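# Topology and contacts: notes
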Amino acid sequence: MSQSVVSRRAWGRRLVGGAVAIAATASVALGTTSPASAVTAQQLDTTIKSGLERHVADDVILSGSSTWKVPTGGGKEEDDFWKAFGNGLSDPDVAPPGANDWTCRPSEGKDPVVLVHGTWENAYNNWAFLAPNLKRAGYCVYALNYGILGLGRGGGLGTVLPGAYATGDIAESAEQLATFVDRVRSSTGSSKVDMVGHSQGGLMARQYLKFDGGAAKVDHLVTLGATNHGTTLVGIGALGRSINNLGIDVLGPIALGVGVSGIQQVYDSDFLKKLNADGDTVPGVHYTVIGSRYDEVTTPYDSTFLKGSNVENITLQDGCAADMSDHLALSYSKRAVALILDALGADVPVVCAPNGWLVG
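My aim in this report is to walk through the structure given alongside it, one point at a time. (Residues numbered from 1 in each chain as written. Predicted model: local features only at pLDDT ≥ 70, side-chain atom pairs only at ≥ 80, totals over all residues. Heavy atoms only, no water.)

### Some words on the overall build of the protein chain
The line we're drawing: Segments assigned H or I by DSSP are reported as helices when at least four residues long, segments assigned E as strands when at least two residues long, and all are numbered from the N terminus. Exposed residues in this analysis have more than 50% of their type's maximum accessible area, buried residues have under 20%, and partly exposed residues fall in between, with area computed by a 1.4 Å probe over protein chains only. In what follows, residue pairs with any heavy atoms lying within 4.5 Å of each other are defined as contacts. Each accessible area value is a Shrake-Rupley result obtained with a 1.4 Å probe; residue values ignore everything except the protein chains displayed when judging cover.
Scanning the protein chain from N- to C-terminus turns up 13 helices and eight strands. Counting all 360 residues of the protein chain, 56% fall into the buried class. Nonlocal contacts in the protein chain, meaning residues at least 24 apart in sequence, comprise 77% of its contacts between residues at least 6 apart. For the protein chain, the computed accessible surface area is about 14,200 Å², with 58% contributed by carbon and sulfur atoms.

And the structure:
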C-alpha cells in the first residue's frame, strides 16, 4: 500500500473520528440516543479499513432507519416562516391549519393535495401559510412529518431542535411518503393526488414518482426551491464534492452535522445521479417548478429547474421584482402561493406582493 493512501486514511480516521466522538457524546448527553445506538469508533474504523472509496456517509450514517409521523390538531396560521418556527418549537407535530382533516371529501375536479416539507423543517413550520390558503380554495390538504432521525443516528446536529425532520435517507423517506399517499387516497376515495414540495420535499417527491409507484398516483407536482439538481451551497458543497472525488471523504463527517439527506443533496451525489438518470421527469405527471433568484440554499437557483415537455419552470421575480423571497420564505410568499393555486387549477389572480429576503 502506498504511503499516500496510508496517510490519507490515517488523516481521514482522525478527522472523522473526532466528528463521530463529538456527535456521539452530544447525543448521549442530550438524551436523544443511548450509548449503544451511537456511531462507534469501531464502526468507523471498520468503514475506513474497507477502503477510501466506501464513504462514511454510506457505510455508517445510512445504517439507521428513520421514522415518520402524521401531524394532528391544528396549528396557528402564520404569514412568516420565523413566526411559525417559533410556534412549532413547543408542538412540532401539530398539523398546519386546515390540514389532515380525514373527513374531508374533495370537490369535483380537485385532487387532494399532499404537502412535503424540506430538510430540518416540519409540516407545520413549512406550511402554516400555504395549507390554510389551499383549504379556503376548496382543497383537501394533507401533510406528513418524515425522515425523522435522532442526533447520533445520522440526523445531524440540527435535530437538537424540536421538529427538525427530513434528515434521513431520501430513498427511505420516499417510501414513507408512498404509505402516506395511499392513506390519503383511501380516505378521500381519490385515484390521484396533487403534491407540493419545498426544498428536499420536491426532490423526495420525485424519488417517489420514479421509484415507488408515485407516477400512477400523482397528477401534478409543484416544487419550491427544490434541490432537483443538487446544490453547491454557494461553493462550499462544490469544494467538498471535489475533495471527495479525490478519494478523501470530507462529506461523510459533515453529514454527522447536517444529516445524511443534506449530503445527498450536494450536487453530483450518487443519489442525484441515479434520480436524474434517463431524464428529469416521468410520463403522465405535470410539473410546475418555482425558483427564486434570492435562494441562498439551492444554489445556483436555476439548478432547481427541470427539463421536459411536461414542465413549467417559473422564476418568482419575473414580473415581480418586489418579491425577494429567500429559501425559507418561498412557502410564505403570496405570489408563490398564488402560483401554486393557479398551477393546481384554482381560479385566482397571480399577485405581486413584497416579501423580504430572510425575514419574509
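### What about unusual backbone geometry?
Following Thr299, the chain continues into Pro300 via a peptide bond in cis, with omega recorded as -15 degrees. You can see Pro300 is positioned in the loop between β7 (286-291) and β8 (311-315). One non-glycine residue, Asn100, adopts positive backbone phi at about 60 degrees. Position of Asn100 among the secondary structure elements: in the loop between α4 (81-88) and β2 (113-116). On the accessibility criterion, Asn100 (10% relative accessible area) is buried. A positive phi angle, close to 65 degrees, is found at Ala166, a residue other than glycine. Tracing the backbone shows Ala166 in the loop between β4 (145-148) and α7 (170-188).

### Notes on the state of the cysteines
Working definition of a disulfide: a covalent bond connecting the sulfur atoms of two cysteines. For the record, the criterion: Put simply, a disulfide is two cysteine sulfurs that come within 2.5 Å.
Overall, the coordinates contain two disulfides when judged by the stated rule. Here Cys104 connects covalently by a disulfide to Cys140, the sulfurs 2.0 Å from one another. Torsion about the S-S bond of the Cys104 and Cys140 cystine: about -80 degrees, corresponding to left-handed handedness. With Cys104 in the loop between α4 and β2 and Cys140 in the loop between α6 (130-136) and β3 (141-143), this pair connects stretches of sequence that are 36 residues apart. With respect to burial, Cys104 and Cys140 carry one shared label: buried.

### A closer look at the packing of aromatic side chains
To keep things clear, this is the line we draw: Here a Phe, Tyr or Trp ring, Trp counted by its six-membered ring, pairs with any other such ring whose centre lies within 6.5 Å, and the pair is stacked when the planes are under 30 degrees apart, edge-to-face when over 60, and tilted otherwise. We call a charge positioned over a ring when the NZ of a Lys or the CZ of an Arg lies within 6 Å of the ring centre and within 35 degrees of the ring normal.
In total, this model carries nine aromatic pairs according to the counting rule given. Ring geometry for Phe81 and Tyr332: centres 6.3 Å apart, planes at 75 degrees, overall edge-to-face. Of the two residues, Phe81 is situated in helix α4 and Tyr332 in the loop between β8 and α13 (334-343); the sequence distance between them amounts to 251 residues. Of the two residues, Phe81 and Tyr332, both sit in the buried class. Ring pairing ties together the aromatic residues Phe81, Trp82, Phe85, Phe129 and Tyr332, which thus form one cluster. Geometry around Tyr139 places Lys110 over its ring, the cationic atom sitting 5.0 Å from the centre. If you follow Lys274 out to its NZ or CZ, it ends over the ring of Phe211, 5.4 Å from the centre.

### Description of α7
The test is simple: By definition here, a helix of n residues has an expected span of 1.5 Å times n minus one.
Under the 1.5 Å per step criterion, the end-to-end length of α7 is 27 Å for 19 residues, consistent within 8% with the ideal 27 Å. Of the residues making up α7, those classed as buried are Ile170, Glu172, Ser173, Ala174, Gln176, Leu177, Ala178, Phe180, Val181, Val184, Ser187 and Thr188.

### Overview of the nonpolar core
Soluble, globular proteins show a tendency: their nonpolar side chains are buried together. Keep this limit in mind: What we call a nonpolar core is a set of buried Ala, Val, Leu, Ile, Met, Phe, Trp, Tyr and Cys residues that are connected through their side-chain atoms within 4.5 Å.
Counting 35 residues, the largest nonpolar core has Val114, Leu177, Met195, Tyr208, Leu209 and Tyr287 as the members making the most contacts within it. Contact partners of Leu209, with chain neighbours within four places excluded, come to Gly214, Ala215, Val218, Leu221, Val282, Val285 and Tyr287. In terms of nonpolar packing, the next biggest core, distinct from the first, is built from 34 residues, Ala99, Leu130, Val222 and Ile290 among them.

### Quick look at the pattern of salt bridges
Threshold: A carboxyl oxygen of Asp or Glu within 4 Å of a side-chain nitrogen of Lys or Arg is what we treat as a salt bridge.
Across all of its chains, the model carries nine salt bridges by this definition. Note that Glu78 is salt-bridged to Lys76, the shortest N-O span being 3.8 Å. For Lys76, a relative accessible area of 56% translates into the label exposed. Residues joined in a network through salt bridges with shared partners are Asp182, Arg185 and Lys217.

### Looking at the sheet that holds strand β5 (residues 193-198)
Filter applied, for reference: When DSSP finds two or more bridges between two strands, those strands count as paired. Where helices are involved, their axes are fitted lines through C-alpha atoms of the stretch in contact, as for all axes, and angles between N-to-C directions lie from 0 to 180°.
Read across the open sheet, the six strands follow the order β3-β2-β5-β6-β7-β8; overall the sheet is parallel. Edge positions in the sheet fall to β3 and β8, since each of these pairs with one other strand and no more. The sheet shows a mean angle of 15 degrees between the axes of neighbouring strands, taken without regard to direction. One ladder, built from five bridges, connects strand β6 (residues 218-224) with β7; its direction is parallel. Residue pairing across strands places Val222 opposite Thr288, the latter belonging to β7. Those strands touched by α13 are β5, β6, β7 and β8, and its axis lies near 165 degrees from that of β6.

### As for the packing of α7 against helix α8 (residues 200-211)
Convention followed: For classification purposes, an angle smaller than 35 degrees is called roughly parallel, one larger than 145 roughly antiparallel, one from 65 to 115 roughly perpendicular, and anything else oblique. Polar here means any residue other than Ala, Val, Leu, Ile, Met, Phe, Trp, Tyr, Cys and Pro, which are nonpolar, and Asp, Glu, Lys and Arg, which are charged; Gly is therefore polar.
At a minimum axis separation of 8 Å, α7 and α8 run at an interaxial angle of 75 degrees. The pairing of α7 with α8 is recorded here as roughly perpendicular in orientation. Each of Ile170, Ala171, Ser173, Ala174, Leu177, Ala178 and Val181 in α7 lies in contact with α8, whose residues at this interface are Gln200, Leu203, Met204, Ala205, Gln207 and Tyr208. Split by residue class, the contact of α7 with α8 holds ten nonpolar, three polar and no charged.

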